[in-house]
Amino acid sequence: MMPDMIKNICILDMSCQRNCRVFELEDDKMPAACDSVLEDIEDIVSAEDLKPHDRQFVRKDVFPKVRKRNSQKNIQTDDDPPSDSIIPGAQKIWIRTWGCSHNNSDGEYMAGQLAAYGYKITDNSAEADLWLLNSCTVKNPAEDHFRNSIKKAQEGKKKVVLAGCVPQAQPRQDYLKGLSIIGVQQIDRVVEVVEETIKGHSVRLLGQKKDNGKRLGGARLDLPKIRKNPLIEIISINTGDFCQQAVTLEKTFHPRSNMFQSFQVCSQRLWCLNACTYCKTKHARGDLASYPIEELVDRATQSFQEGVCEIWLTSEDTGAYGRDIGTDLPTLLWKLVEAIPEGAMLRLGMTNPPYILEHLEEMAKILNHPRVYAFLHIPVQSASDSVLMDMKREYCVADFKQVVDFLQEKVPGITIATDIICGFPGETDEDFQETMKLVEQYRFPSLFINQFYPRPGTPAAKMHQVPAAVKKQRTKDLSQLFHSYNPYDHKVGERQRVLVTEESFDSNYYVAHNPFYEQVLVPKDPLLMGKMVEVNIYEAGKHFMKGQPVSDARVYTASISRPLAKGEVSGLTEEFRHAPQNGTNWKTHPSAEIPVKTPFSWWMALQLPWQQEGGGLKILSVSLALLAVLVMFYYGGMKTEL
């Protein structure tokens, strides 16, 4: 090339591939070395320039500058994140549950999943970052407490997630607007809802669970859970199955699509097997959907392996179990009895007269089993057939009496608990007197007396109401009758076998139950907790007896392992419990300063790669491999240059 054609020449240092030396060449200031025509671009390199071989040795004297860091600055421990942090899994959560044992079971499952993810479940509502309120819709007072708790949380600038039957049945109430809601069938997705709520989004998951177009029941039984009492496992044997009618709510954040959209939620219109005109729960829980017998037996077996010594079966109607899957309650109970170890007990939940009538013979045999409490909760609600007809209870008083008389004859000493509603719309004085006579006849040791409250959206709310003063007086009269007799006086002096499971409200005694599920208070000896012992009854009250342990009697320990600590997550299958033997990985995470074990397959699905066990080592290995490739590429280029 000619000198007058050379204007700018940029030579790249191939050893660094970053530095560029630019020669500005002008016609009147051309260096002597360029007075002649250049035959090759390499001729422009002068003799003083370093050769490639020299550059290789010069590089050895170059050292990277290490930037000093203050090791104590900006350090935040995992247990104490910044106060304004919105990192999911680092917050404290307070859970409040109202209502039945089914609702309590749902609350335990939600607490277990959140704790397994890393959230701290706290008993102190003031220190919590988020309140999870699990509601009950049976009575107005329960809903009033729920509404007041929402207001209190908002005043305290707490994040709020709502669960249970109230928001499920009526999600469009004004005081629920803008709040996150998780439906009764969506409790296995509570972590998602809590995460998005903490980030400031409003999420509502109220729909029906489906699998290939088939409607499913509730959440799986093998989810992690934190039992309120580590010695008692509550198992829901069936759950809701909704036939739905979609309505559009306000725009909410949808975690799956990571965007805000109009969210379709469903208002249930298919009732449970009963169609009681006063009941609100059917709006929330829906139609019957029974869990398979195998899953229920597996859950019970697993619970015993975790130190549980008492199983409660719960449902909106235990007696209706299996009608949707071709089986029945006695078949389930016989299978469960086979799994109950000696020293442990099974308690049945509520059942309505129409369904227990079909299985009276078998139920009597089961209730006589030594590992099943001779106890049954059968609500009558009223002793007037006309009132029962208005309630649409689908039985008459004679049916109730037939069940009670048969069981009392075939299961001596059985405890029958029942419910009565005072002041149902249209109830006359004569109707109420029939109810008083029924209580006087059977002298129920356990009686739940409820003053009628009209629930919005129910047929009974539209009926002609009994005056409030009359309802109140009838409730008072029935309560006085109930407290006029002592059902346990004749048992003083008896020797009974009792199972100790909890502490009394005044913390002065331990609470145990005899084979008829009657409450017996025993001395607070830690060695008795979770054990079945024999006691001598020396005192009786209206709702309890007091017993002194017999020193020479045998003590039964039901569980094959120690009970879990209070607040510890349960729900591990045998596969994960024997992780060291079969190579399954599992991780321990804190929840309220109590160790929590969670299986690899469930926990790791919720973590990022660098949060997983050994994740940091994997990333380091990949980084070193990439560095090696770069070094090889560089030295390959150097050889070419040489």
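### What to know about the overall build of the protein
If you tally the helices and strands in the protein, you get 18 helices and 28 strands. Across the 642 residues that make up the protein, the buried fraction comes to 48%. In the structure as shown, the protein presents an accessible area of about 32,800 Å², 54% of it carried by carbon and sulfur atoms.

### Topic: the packing of aromatic side chains
Applying the stated criterion across every chain, the model contains 10 aromatic pairs. Here Trp-94 and Trp-131 contribute two aromatic rings whose centre-to-centre distance is 4.7 Å and whose plane-to-plane angle is 65°, an arrangement assigned as edge-to-face. Taken together, the residues Trp-94 in strand S3 (residues 92-97) and Trp-131 in strand S5 (residues 130-135) connect sequence positions 37 residues apart. Neither Trp-94 nor Trp-131 differs from the other in exposure class; each is buried. Taken together, a centroid distance of 5.9 Å and an interplanar angle of 85° make the contact between Trp-98 and Phe-146 edge-to-face. Of this pair, Trp-98 sits in the loop between S3 and helix H2 (101-117) while Phe-146 sits in helix H3 (residues 140-155); the two residues are 48 residues apart in sequence, bridging distant segments of the chain. Per residue, the accessibility class of Trp-98 equals that of Phe-146, and both read buried. In this arrangement the basic side chain of Arg-347 is found over the ring face of Trp-312, its NZ or CZ atom lying 4.1 Å from the centre. Just above the ring of Phe-482 sits the side chain of Lys-542; from NZ or CZ to the centre is 3.8 Å.

### Observations regarding helix H10 (residues 360-367)
Those residues of H10 not exposed but buried are Leu-360, Met-363, Ala-364, Ile-366 and Leu-367. An end-on view of H10 places all buried positions within 165° of arc, on one side of the element.

### Considerations on the pattern of salt bridges
The tally for this structure, following the rule as stated, stands at 21 salt bridges. Notably, a salt bridge pairs Lys-524 with Glu-503, separated by 3.4 Å at the nearest N-O pair. You can see Lys-524 sitting in the loop between strand S23 (519-522) and strand S24 (531-540) and its partner Glu-503 sitting in strand S21 (residues 495-503), a full 21 residues away along the chain. Judged by its relative accessible area of 37%, Glu-503 is partly exposed.

### Considerations on the nonpolar core
Ile-93, Leu-114, Leu-132, Val-194, Leu-313, Leu-333 and Leu-407 are the most contacted members of the largest nonpolar core, which has 104 residues in total. What Val-194 contacts, discounting residues up to four positions off in sequence, is Ile-93, Leu-114, Tyr-119, Leu-130 and Val-161. Among the nonpolar cores identified, the runner-up in size contains 17 residues, and Phe-146, Ile-150, Val-160 and Leu-162 belong to it.

### Quick word on the sheet that holds S3
The parallel open sheet is built from 6 strands, whose spatial order is S4-S3-S5-S6-S7-S8. For this open sheet the edge positions go to strand S4 (120-122) and strand S8 (204-205), each flanked by a neighbour on one side alone. Sheet analysis places S3 next to S5, joined by 5 bridges and oriented parallel. Opposite Ile-93, over in S5, you have Leu-130 as the bridge partner. Most of the contacts of helix H5 (residues 190-198) go to strand S6 (residues 159-164), to which it runs at about 155°, and overall it touches S3, S5, S6, strand S7 (180-182) and S8.

### A look at the pairing of S23
When strand S22 (residues 510-513) meets S23, the two strands line up antiparallel, connected through 4 bridges. Following the sheet pairing, Val-511 is matched in S23 by Leu-521. Joining the antiparallel neighbours S22 and S23 is a turn of 5 residues, in which Tyr-517 adopts a positive phi near 55°. Note: S23 against strand S25 (residues 545-549), 2 bridges, orientation parallel. Bridging from a neighbouring strand, Val-520 pairs with Met-545 of S25.

### Thoughts on the sheet that holds strand S16 (residues 310-314)
Taking strand neighbours across the sheet as the criterion, the 3 strands line up as S11-S16-S17 in an open arrangement whose pairing is parallel. One side of each edge strand has no neighbouring strand; the edge strands of this open sheet are strand S11 (232-236) and strand S17 (345-347). Between one strand axis and the next, the sheet turns by 20° as a mean value, whatever way the strands run. Pairing of S11 with S16 involves 5 bridges; the strand directions are parallel.

### A short note on the side chain of Ser-303
Tracing the backbone through its elements, the reader meets Ser-303 in helix H7 (residues 293-305). Judged by its relative accessible area of 0%, Ser-303 falls in the buried class. Those residues in contact with Ser-303 that lie beyond four places of it in its chain are Arg-227, Glu-233, Val-308 and Ile-311.

### Regarding the confidence of the model for the protein
Per-residue confidence for the protein gives a mean pLDDT of 76; residues scoring 70 or more make up 67%. In this model, residues 241-272 is a region of pLDDT below 50 whose contacts with residues beyond four sequence positions or in other chains number 93 contacts. Below pLDDT 50 for its whole length, residues 573-614 participates in 78 contacts with residues either more than four positions away or in separate chains.

### Points about the pairing of S21
Relative to S24, S21 runs antiparallel, the two sharing 5 bridges. Within the sheet, the bridge partner assigned to Gln-496 lies in S24 and is Val-535. By the bridge criterion, 4 bridges tie S21 to S22 in an arrangement that is antiparallel. In the strand pairing of S22, Glu-502 is matched with Val-511. Counting the residues between successive antiparallel strands, the hairpin from S21 to S22 contains 6 residues, one of them, Ser-507, with a positive phi of roughly 65°.

### Quick look at the packing of H2 against H5
The contact between H2 and H5 brings their axes to 9 Å, and the two run at 65°. Note on packing geometry: the crossing formed by H2 with H5 is right-handed. Along its contact with H2, which presents Met-110, Gln-113, Leu-114 and Tyr-117, the element H5 presents Val-190, Val-191, Val-194 and Glu-195.

### Quick notes on helix H14 (residues 468-482)
Here H14 contains 15 residues, and its C-alpha end-to-end distance of 21 Å stays within 8% of the 21 Å for a straight helix at 1.5 Å per residue. Residues of H14 that are buried include every one of Lys-471, Arg-474, Thr-475, Leu-478, Leu-481 and Phe-482, and no others. Taken down its axis, H14 places every buried residue within 125° of arc, on the same side. Opposite its buried face, H14 presents the exposed residues Ala-469 and Lys-472, each directed more than 90 degrees away.

Reading the values: rules and limits
Residues numbered from 1 in each chain as written. Predicted model: local features only at pLDDT ≥ 70, side-chain atom pairs only at ≥ 80, totals over all residues. Heavy atoms only, no water. Helix = DSSP H or I, 4+ residues; strand = E, 2+ residues; numbered from the N terminus. Buried < 20%, exposed > 50% of the residue type's maximum accessible area, 1.4 Å probe, protein only. Areas by Shrake-Rupley, 256 points an atom, 1.4 Å probe, with all protein chains shown as cover. Phe/Tyr/Trp six-rings, centres within 6.5 Å; stacked < 30°, edge-to-face > 60°. Lys NZ or Arg CZ within 6 Å of the ring centre and 35° of its normal. Arc of directions from axis to C-beta. Salt bridge = Lys/Arg side-chain N within 4 Å of Asp/Glu carboxyl O. Core = buried A, V, L, I, M, F, W, Y, C linked by side-chain atoms within 4.5 Å. Contact = heavy atoms within 4.5 Å. Pairing = 2+ DSSP bridges. Axes fitted to C-alpha atoms, helices over the stretch in contact; angles between N-to-C directions. pLDDT = per-residue confidence, 0-100. Left-handed = near helix turned anticlockwise from the far one by under 90°. Expected span 1.5 Å × (residues − 1).

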